[in-house]
Amino acid sequence: MAATESYPNDLKYHKEHDWARIEGDEAVLGVTWFAQDALGELVHYEPPSEGGTIERDAAYGEVESVKAVSDVIAPLSGEVLAVNQKVVDEPETVNADPYGDGWLIRIRMSDPEEADSLLDVEAYKQVVAES
Amino acid sequence: MAQTLQRTPVHDRHAALGARLVPFAGWEMPVQYDGVIPEVRAVRSDCGVFDVSHMGELEVEGPRAVDLLQATLSNDLSRLEPGDAQYTLLTNERGGIVDDLIVYKLDEFRFLLIVNASNRNADFAWLKERELPGSDVRDVSDEYALLAVQGPRAIERLGLPPAKPFTFAEGEIDGVQCMVNRTGYTGEDGCELLAMADDGAELWDRVIARGAVPCGLGARDTLRLEVCFPLHGNDITPDTDPISAGLAWCCALDKEFTGVNKLREVKARGPERRLVPFVMEEKAVPRQGMAVVGGGEVTSGTHSPMLDRGIGLAYVPTAMAGAGTEISVDVRGRSRGGRVVKRPIYKREESS
């Protein structure tokens, strides 16, 4: 079942349709409702290695739908603390719950100030409206 | 890009049902409604309907219609009776495949060819150039709507009498007249309904009212790949021959048709590469254009909802073509394991 369109207020957004939930010096990352809707039903998630590092604005993984594959862009830099194994096993979790069970990775931010330059929900909705 | 897309007679129904519409072969077509996966499951378990009105219809008529078609199509039409249909290939001088199509014998002097949307113009031009005195070729595509109703319960839901595969008859669905063709592109039982264009939307409504699930081109492509039906433009092209593609069964090499000598040569010496079905053993979705390690290429690939793994068709060297052979597909720089399998990739388990 696909989720209905939503963009939670408590998240930060990246224009490449990624979200970040900041929790102290850690952050949980995922893709937005818009991204999963554009891709369609996800069938494969290629995650980064736990313990590896990701860099803001660079691809850190891939999500693939029945139709297409897409890079997942890191909204923040940091060290990968955890990969969501549920999404590896059941990629459709992202379609059902993109901001909850469908999270992709948890990181420890290497530069927490990067979070200040992410989009707030209103700015991101503007990006969606123009997409 | 100010290209005007053509719309089928059923177009407003797709829009009303919330279909995702995409450009395909010059047409604006529904790629999905609820999603590819539920649509595939509906066709495998019950009944789905696809608007395939974008496909082309060519009519070949006249006392020498059969001679023109025997000389240009790979399969032998001579055994067909009126009411019979046949899968066949339009071949070029090099033995390449101009198109794959189904020919319907309407009567002794009249044949209908249902062809791929993207090849409609090429096929028409090809046949028109080779017309004989006494064989008239016409493109009648705009006169018709075509709906494919497919699935184990399709015939029952439509209230149609039983009939053999690759036959057709005049019929009607709740008052809408149509030609009922026992053909399809999903590997399931079912039919394709050819109606006058003006009746297309009404026929769609009748079929939906009888419980068929609306399905898009996304599900159609997945369904055909699960049962290893080739897609022209991907798996077979004017530069690939039917022997290598595993389509020798629809090439009557004992008759004369365009390119037959080339095909006899390929058959005699054995093809250097073959189109084979494969399944991924590792988590990965193969896609068209990916390399198979050792000198092969994926021509179609997707995720199979029925098997829940990546599947595809690839040309591989003959030495690698045997069922059971392990292969590696280059998935964006990562080598992922798969295995050549027998056709079809998906087959319903025989159960009670």
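Basis of the calculations
Residues numbered from 1 in each chain as written. Chains lettered and ligands numbered in written order. Predicted model: local features only at pLDDT ≥ 70, side-chain atom pairs only at ≥ 80, totals over all residues. Helix = DSSP H or I, 4+ residues; strand = E, 2+ residues; numbered from the N terminus. Buried ≥ 20, exposed ≤ 12 C-beta atoms within 10 Å, placed from the backbone. Contact = placed C-beta atoms within 7 Å. Rg over C-alpha atoms; globule rule 2.2 N^0.38 Å. Pairing = 2+ DSSP bridges. Axes fitted to C-alpha atoms, helices over the stretch in contact; angles between N-to-C directions. Core = buried A, V, L, I, M, F, W, Y, C linked by C-beta atoms within 7 Å. Nonpolar A, V, L, I, M, F, W, Y, C, P; charged D, E, K, R; others polar. pLDDT = per-residue confidence, 0-100. Arc of directions from axis to C-beta.

Another aspect to go through is the overall build of chain A. When you go through chain A residue by residue, the secondary structure sums to 4 helices and 9 strands. Along chain A, helices and strands appear, N-terminal first, in the series β-β-β-α-β-β-β-β-β-α-α-β-α. C-alpha atoms of chain A, sized along the principal axes, occupy 35 × 30 × 20 Å. In chain A, which comprises 131 residues, the proportion classed as buried is 41%. Looking at chain A alone, contacts between residues at least 24 apart form 64% of all its contacts between residues at least 6 apart.

As a further point, take the overall build of chain B. The secondary structure content of chain B amounts to 8 helices and 19 strands. Taken over C-alpha atoms, the radius of gyration comes to 20 Å for chain B, in line with the 20 Å a tight globule of 352 residues would show. Viewed in the frame of its principal axes, chain B has a C-alpha envelope of about 55 × 55 × 50 Å. A buried classification covers 48% of the 352 residues belonging to chain B. At a minimum sequence separation of 6, the contacts of chain B that also span at least 24 residues come to 68%.

A few words now on unusual backbone geometry. Peptide bonds are mostly trans, and most non-glycine residues show a negative phi. Residues and elements named next belong to chain B. Between Arg343 and the following residue, Pro344, the backbone shows a cis peptide bond with an omega angle of -15°. By the element assignment, Pro344 lies in the segment after β19 (334-340). With a phi close to 50°, Asp174 is a non-glycine residue in the positive phi region. Of note, Asp174 is situated in the loop between β10 (168-173) and β11 (176-181). Despite not being glycine, Cys228 has its phi angle at roughly 65°, a positive value. Looking at the secondary structure, you find Cys228 in the loop between α7 (217-226) and α8 (260-269). Residue Cys228 is classed as buried on the basis of its 22 C-beta neighbours within 10 Å.

Here we take up the sheet that holds strand β12 (residues 190-196) of chain B. Residues and elements named next belong to chain B. Strand order in the open sheet made by the 6 strands is β10-β11-β12-β9-β3-β13, with mixed pairing throughout. Strand pairing shows two members of the sheet lacking a second neighbour, β10 and β13 (213-215), which therefore form its edges. Direction aside, the axes of adjacent strands within the sheet are offset by 30° on average. Summarising the sheet, β11 and β12 pair through 3 bridges and their orientation is antiparallel. By the bridge assignment for β12, Met179 is matched with Leu194. Against the sheet, helix α6 (residues 200-209) touches β3 (48-51), β9 (144-150), β10, β11, β12 and β13, its axis set at about 15° to β9.

Right, let's talk about the nonpolar core for a bit. With 122 residues, the main nonpolar core has Leu147(B), Val149(B) and Leu193(B) as its most contacted residues. Excluding residues within four positions of it along the chain, Val149(B) makes contact with Cys47(B), Val49(B), Ala154(B), Leu158(B), Gly190(B), Cys191(B), Leu193(B), Val207(B) and Ala212(B).

Attention shifts here to the interface of chain A and chain B. With 7 residues of chain A in contact, the opposing surface of chain B contributes 10 residues. For the side of chain A that touches chain B, the class distribution of residues is 2 nonpolar, 2 polar and 3 charged.

Here we come to the sheet that holds strand β6 (residues 59-65) of chain A. All names here are of chain A. With respect to topology, 3 strands assemble into an open sheet ordered β4-β6-β7, the strand pairing being antiparallel. Looking at the sheet topology across the chains shown, the edges are occupied by β4 (42-46) and β7 (69-73). Sheet twist, expressed as the mean angle between neighbouring strand axes with direction ignored, is 25°. Relative to β7, β6 runs antiparallel, the two sharing 5 bridges. For Ala59, the partnering residue across the bridge sits in β7 and is Ile73.

Per-residue pLDDT for chain B averages 96, and the proportion of residues at 70 or more is 98%. Predicted as a complex, the structure gets a pTM of 0.93 and an ipTM equal to 0.83.

A separate point is helix α3 (residues 65-72) of chain B. All names here are of chain B. When we look at burial in α3, the residues that qualify are Ala65, Leu68, Leu69 and Thr72. Summarising the axial view, the buried residues of α3 lie within an arc of 90°, below the 170-degree limit, and thus occupy one face. Looking at the buried side of α3, the elements it contacts are β4 (56-61), β5 (85-91), β6 (97-107), β7 (110-115) and α4 (120-129).

This part covers the pairing of strand β3 (residues 26-31) of chain A. Residues and elements named next belong to chain A. Relative to β3, strand β2 (residues 18-23) runs antiparallel, the two sharing 6 bridges. Note that in β3 the partner of Asp18 across the bridge is Val31. The turn linking β2 back onto β3 is made up of 2 residues, and Gly24 within it adopts a positive phi angle of 65°. Pairing of β3 with strand β9 (residues 105-109) involves 4 bridges; the strand directions are antiparallel.

Okay, the environment of Val266(B) next. All names here are of chain B. With respect to the element layout, Val266 can be found in helix α8. For the pair Val266 and Val316, spaced 50 residues apart in the sequence, the C-alpha separation amounts to 16 Å. Excluding anything up to four places from it in sequence, Val266 contacts Gly95, Asp241, Ile243, Ser244 and Pro271.

All names here are of chain B. Of all the positions in α4, only Arg120, Asp123 and Leu127 are classed as buried. Viewed along the axis of α4, the buried residues span an arc of 70°, placing them on a single side of the element. As for α4, its buried residues are in contact with β4, α3, β5, β6, β7 and β8 (136-139).

Moving on, we get to the pairing of β11(B). Residue and element names in this part refer to chain B. With 6 bridges joining them, β10 and β11 adopt antiparallel strand pairing. Paired with Ala169 across the two strands is Val180, which belongs to β11. Counting the residues in the hairpin turn of β10 and β11 gives 2 residues, including Asp174, whose phi is positive at 50°.

To continue, consider the environment of Glu226(B). Locating Glu226(B) in the fold gives a position in helix α7. If sequence neighbours within four positions are ignored, Glu226(B) has contacts with Gly187(B), Ser304(B), Met306(B), Ile311(B), Pro344(B), Ile345(B) and Tyr346(B).

Quick look at the environment of Gln32(B) now. Residue and element names in this part refer to chain B. You can see Gln32 is positioned in strand β2 (residues 27-32). When the 24 C-beta atoms within 10 Å are taken as the criterion, Gln32 is described as buried. Through-space distance from the C-alpha of Gln32 to that of Ala209 is 19 Å; in sequence the pair is 177 residues apart. The contacts of Gln32, once residues within four sequence positions are left out, are Ala19, Arg20, Glu39, Gly216, Gly218 and Ala219.

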